[in-house]
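Structural characterization, general
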Amino acid sequence: MHVLRDRGFVHPVSSEITPRAAYLDRRRWLAWAGSAAATALPGSVAAQGAQSPQARPGKGAALAAARSSVAGALVMDKATPYKDATTYNNFYEFGTDKADPSQHAHTLKTRPWTVAIEGEVKKPGTYDLDTLLKLAPQEERIYRLRCVEGWSMVIPWIGYSLSELIKRVEPTGNAKFVQFVTLADRKQMPGLTSSVLDWPYVEGLRLDEAMHPLTLLSFGMYGEVLPNQNGAPLRLVVPWKYGFKSGKSLVKIRFVDKQPKTSWELAAPSEYGFYSNVNPKVDHPRWSQASERRIGEDGLFAKKRPTLMFNGYEPQVGQLYAGMDLRRQF
Ligand code: MTE
């Protein structure tokens, strides 16, 4: 995907990669089941199978969730098959091939897990996973996710608005941006031996973007807790931005006064801007962003779909960027 010639790294084209079945570590699921899990609520979209291809498709611990009422949170597109969503992944800490995370992420230990809240907040501290899971009601949201490589998926996520957490830690007047730091542990993550990125993987949002109700702190998908390869035990999902803004396996959230540098900006500043809003009119230097291939619908004659401004979330988020030159601030 993100071919970084200056670092001597060339990613294989996706057609060379054979997706493999997700590796499901039964003991990990059972550990979850004993603590975090509950049976899916009858109102859950996944439980009803309304959009999800299957309820509890990975046979993991169910995560209760009610259908979200946030505007724009339930797109009507058909959900990507669970198998594709869990075997075609970008999670460079486990390797750069699409099949690497599903093969290698079983080494990720998702309990105990804590997230440190730092910087410009009145209530900094360390939250453990159980506290975070219960901080706000879990909701199911069906989001499009568009990768800068030119493919997209539709995934029924479970989580709640990041704003729920932000409100509780009370940002000070100096907090203008939020930095997200993800786990970097060589013992658990074989991909860290690669110099493709400077670790840890770091991303960022402007405070108002982070506060937007669509910005999701996610703990699950398809009615279950997140599989490791999708960013267990918790990740961000920002549906109107390219997928790389949605950091997986978060360990630190830092409130800062200046725009933070992100891992991708540091690796290739001419290719990855801070905003990274999905924009069909602004091509990546090496890839057109005008259309996309929907994973799971990619037969030989499958038509590409036109990419929508802000990935189709313009009615909800367009006003955040009023007056900005989106070509310059890409
Ligand atoms: N988070 C971490 N920590 N490491 C990564 O390599 N890849 C990003 C993002 N979050 C990545 C990450 C990219 S490029 C994409 S497209 C999405 O995760 C993919 O999420 P998915 O595999 O759940 O579809």
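I will try to describe carefully the structure that is included in this document. (Residues numbered from 1 in each chain as written. Predicted model: local features only at pLDDT ≥ 70, side-chain atom pairs only at ≥ 80, totals over all residues. Heavy atoms only, no water.)

1. Comments concerning the overall build of the chain
Where we set the bar: Working definition: helices are DSSP H or I runs of at least four residues, strands are E runs of at least two. Numbering for both runs from the N terminus. Partly exposed residues are those whose accessible area sits between 20% and 50% of the maximum for their type, while under 20% is buried and over 50% is exposed, using a 1.4 Å probe and protein chains only. Contacts are residue-level and defined by heavy atoms, with any inter-residue pair within 4.5 Å sufficient. Surface exposure here means Shrake-Rupley accessible area, sampled with a 1.4 Å probe, where a residue is shielded only by the protein chains that are shown.
In terms of regular secondary structure, the chain is built from nine helices and 13 strands. Looking at the chain as a whole, 59% of its 330 residues are labelled buried. Summarising the internal contacts of the chain: among those between residues at least 6 apart in sequence, 74% fall at separations of at least 24. About 13700 Å² of surface is accessible on the chain, with carbon and sulfur atoms providing 54% of the total.

2. Some details on the site of the ligand
In plain terms, the rule: By convention in these notes, a residue is near a molecule or strand provided one of its non-hydrogen atoms lies within 4 Å of it. Any pair of nitrogen or oxygen atoms within 3.5 Å is treated as a polar contact; in protein, a donor-acceptor pairing is required on top of that, and neighbouring residues in sequence qualify only through side-chain atoms on both sides. Residue polarity is assigned by list, with Asp, Glu, Lys and Arg as charged and Ala, Val, Leu, Ile, Met, Phe, Trp, Tyr, Cys and Pro as nonpolar; anything else, Gly included, falls into the polar class.
Around the ligand sit 18 residues, and of these Y92, E93, R235, S246 and K248 come closest. Interatomic distance of 2.8 Å between a side-chain N/O atom of N89 and an oxygen atom of the ligand. In the environment of the ligand, an oxygen atom lies 2.7 Å from a nitrogen or oxygen atom belonging to the side chain of R235. Contact with the protein chains covers 99% of the free accessible surface of the ligand, which is 540 Å². In the shell around the ligand, the residues fall into seven nonpolar, eight polar and three charged.

3. Here's the deal with helix 6 (residues 162-169)
Counted only if it meets this: The directions considered for the arc run from the helix axis to the C-beta atoms.
Among the residues of helix 6, those classed as buried are L162, S163, L165, I166 and V169. For helix 6, the buried positions fall inside an angular range of 160° around the axis, keeping them on one side. After helix 6 finishes, the residue E170 shows a positive phi value of roughly 55°.

4. Concerning the environment of V282
Examined against the element boundaries, V282 turns out to sit in the loop between helix 8 (263-267) and strand 12 (291-294). Between the C-alpha atoms of V282 and R328, which are 46 residues apart in sequence, the distance is 9.5 Å.

5. Quick notes on the pairing of strand 5 (residues 151-161)
Rule in force here: For two strands to be treated as a pair, DSSP must find at least two bridges joining them.
Of all 11 residues in strand 5, 11 are buried; the element is thus mostly enclosed. Here strand 4 (residues 139-146) runs beside strand 5; their pairing, made up of eight bridges, is antiparallel. From the neighbouring strand, R141 faces strand 5, where its bridge partner is W157. Count of turn residues in the strand 4/strand 5 antiparallel hairpin: four residues, of which G150 carries a positive phi of about 110°. When strand 5 meets strand 12, the two strands line up parallel, connected through two bridges. Within the sheet, the bridge partner assigned to S152 lies in strand 12 and is R294.

6. What to know about the packing of aromatic side chains
The criterion, for reference: The criterion for an aromatic pair is that two Phe, Tyr or Trp rings (for Trp, the six-membered ring) have centres within 6.5 Å, with stacked assigned to planes under 30 degrees apart, edge-to-face to planes over 60 apart and tilted to the rest.
The final tally for this structure, using the stated rule, is 13 aromatic pairs. Where Y82 meets Y222, the ring centres are 5.2 Å apart and the plane angle is 90°; that geometry is what we call edge-to-face. With a gap of 140 residues between them, Y82 in helix 3 (residues 82-87) and Y222 in the loop between strand 8 (216-221) and strand 9 (224-225) connect regions that are remote in the sequence. Taken individually, Y82 and Y222 each receive the classification buried, so the pair is uniform in this respect. Aromatic pair F91 and F94: ring centres 4.9 Å apart, planes at 85°, arrangement edge-to-face.

7. Quick word on the pattern of salt bridges
We count it as follows: Salt bridge criterion: a side-chain nitrogen from Lys or Arg within 4 Å of a carboxyl oxygen from Asp or Glu.
Per the stated rule, a full pass over the model turns up 18 salt bridges. The partner of R141 in a salt bridge is E139, and the shortest N-O contact between them spans 2.9 Å. The pair R141 / E139 is uniform in exposure class, with both members buried. Through salt bridges with shared partners, a single network forms among D77, R144, R146, E292 and R294.

8. Comments concerning the sheet that holds strand 11 (residues 250-256)
Condition: Note on definitions: angles span 0 to 180 degrees between N-to-C directions of axes, and those axes are lines fitted to C-alpha atoms, for helices only across the stretch in contact.
Ordered by their spatial adjacency, five strands build an open sheet running 3-2-11-6-7, and the pairing between neighbours is mixed. Edge positions in the sheet fall to strand 3 (125-128) and strand 7 (202-206), since each of these pairs with one other strand and no more. Across the sheet, the axes of successive neighbouring strands diverge by a mean angle of 20°, strand direction being ignored. In the sheet, strand 2 (residues 114-119) pairs with strand 3 via four bridges, with the strands oriented antiparallel. The residue of strand 3 that forms the bridge with V115 is Y127. Each of strand 2, strand 3, strand 6 (177-182) and strand 11 is contacted by helix 6, which is oriented at about 55° to strand 11, the strand it contacts most.

9. Quick notes on the nonpolar core
Applied cut-off: The definition of a nonpolar core used throughout is a set of buried Ala, Val, Leu, Ile, Met, Phe, Trp, Tyr and Cys residues joined through side-chain atoms within 4.5 Å.
Formed by 78 residues in total, the largest nonpolar core has its most connected members in L165 and F255. Among the elements that line this core, the one with the most residues is strand 5, at seven residues. Those residues within four positions of L165 in sequence are excluded, and the remaining contacts are I117, Y127, L132, L135, L217 and I253. Residues L197, Y201, F244 and Y272 belong to the second largest nonpolar core, which totals 13 residues.

In short, geometric facts, not functional conclusions.
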